[in-house]
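These are the residues of each chain, in order.
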Amino acid sequence: MIAISGWIVLAAGTAASADAAPVDDELRQWSVVVDLRGSDGGVGADLLHDLERTPLRHRLALGVGPPDGPVLARIDVELIAAGELPRILGAAVGGRRTPGWLVHAVLRAADSIGYDVAFGDRRSSWIGQLVARATGTADAAARDDGVPAVGVAIPSRDASRLLAAVVRRLDGLAAPPGWEDAFLVVGGRVWLRRDLYWLGLVLWLALFLAARRRRRRQDSDDDREFRWTAAAAWIVSPVFATVLVSLPVVF
């Protein structure tokens, strides 16, 4: 029932704003799915009410039913107790993990409304991200539909506000970006593979320059093996290398 009412309300809002904001027909084909399983319907109603004041380019679907047309992204919502800390949950989709651009969208949406949300466990986020990748586990529901997905664990009183901000953020995308799931969330920012490569290059150059200074003093270059091993590790697995190799390099 929520999904049907969501489609009706959104269609009415889109029709009412058609004259003010023309939308390319191609953009109408994408849908953003918000899965509110476990909700009593109040969160969905509040979400639709919040989005009524925003002309959306893409469609919004509430529930688990298949939407009409291709899906831009899916947000799996887990409602938690009011005292628990909100967090972003990684999802597994056909052997791939939540892409970095989708986690970035949730983080920036939360920041735009002054809401604090972390990726995974706040107490051990770095290690937790590595363990999840090494074991192939995911916090959110695993599916094989090929749709980029992310989970959000949030108290029901804050859910509609955050979800509306995420939907608006995703609505700015013309199409799904590339599926880059090799990333690390540090300091509230998503560091993609290219960012981690640049970090690895900077640290490797620091090691190389330190070795040159030692050679000028006629000291031995004892770090040569470690330096090239670190470079190989960064090329093969930049996410693991950033966490496991950076500390020995710096200290």
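This text goes with the structure placed above it.
On to the nonpolar core. With 43 residues, the main nonpolar core has Val 34, Ile 75, Leu 163 and Leu 170 as its most contacted residues. If we ignore the near neighbours within four places in the chain, the residues touching Leu 170 are Val 32, His 58, Leu 72, Ala 73, Ile 75, Trp 101, Leu 102 and Ala 105. In this structure, Leu 184, Leu 203, Val 239 and Ala 241 belong to the second largest nonpolar core, which totals 11 residues.

We now examine a nonpolar patch on the surface. Residues Trp 126, Ile 127 and Val 131 make up a contiguous nonpolar surface patch of roughly 290 Å² in combined accessible area. Relative to the helices and strands, Ile 127 is located in helix α4 (residues 125–135). We classify Ile 127 as partly exposed; its relative accessible area is 47%.

Here we come to the pattern of salt bridges. One pass over the structure, following the stated rule, counts five salt bridges. Arg 168 serves as the salt-bridge partner of Asp 50, at 2.7 Å between the closest nitrogen and oxygen. On the criterion of sequence distance, the pair formed by Asp 50 in helix α2 (residues 42–51) and Arg 168 in helix α5 (residues 156–171) is long-range, its members being 118 residues apart. Residue classification places Asp 50 among the buried positions, given a relative accessible area of 17%. Put simply, Asp 76 and Arg 74 hold a salt bridge, and the shortest N to O gap is 3.0 Å.

For the coordinates displayed, the defined rule picks out three aromatic pairs. Centroid distance Trp 204 to Phe 208: 5.5 Å. Interplanar angle 10 degrees. Geometry classified as stacked. Taken together, the residues span about one helical turn, with Trp 204 and Phe 208 both in helix α6 (residues 193–216) at a distance of four residues. Take Trp 204: its relative accessible area is 18%, and that puts it in the buried class. Of the aromatic side chains, those joined through ring pairs into one cluster are Trp 204, Phe 208 and Trp 228. Just above the ring of Trp 179 sits the side chain of Arg 96; from NZ or CZ to the centre is 3.8 Å. When the ring centre of Trp 191 is taken as origin, the NZ or CZ atom of Arg 189, which lies over that ring, is 4.2 Å away.

About the thresholds
- Residues numbered from 1 in each chain as written.
- Predicted model: local features only at pLDDT ≥ 70, side-chain atom pairs only at ≥ 80, totals over all residues.
- Heavy atoms only, no water.
- Core = buried A, V, L, I, M, F, W, Y, C linked by side-chain atoms within 4.5 Å.
- Buried < 20%, exposed > 50% of the residue type's maximum accessible area, 1.4 Å probe, protein only.
- Contact = heavy atoms within 4.5 Å.
- Patch = residues over 30% accessible without salt bridge, like charges linked within 9 Å, V, L, I, M, F, W, Y side chains within 5 Å.
- Areas by Shrake-Rupley, 256 points an atom, 1.4 Å probe, with all protein chains shown as cover.
- Salt bridge = Lys/Arg side-chain N within 4 Å of Asp/Glu carboxyl O.
- Helix = DSSP H or I, 4+ residues; strand = E, 2+ residues; numbered from the N terminus.
- Phe/Tyr/Trp six-rings, centres within 6.5 Å; stacked < 30°, edge-to-face > 60°.
- Lys NZ or Arg CZ within 6 Å of the ring centre and 35° of its normal.

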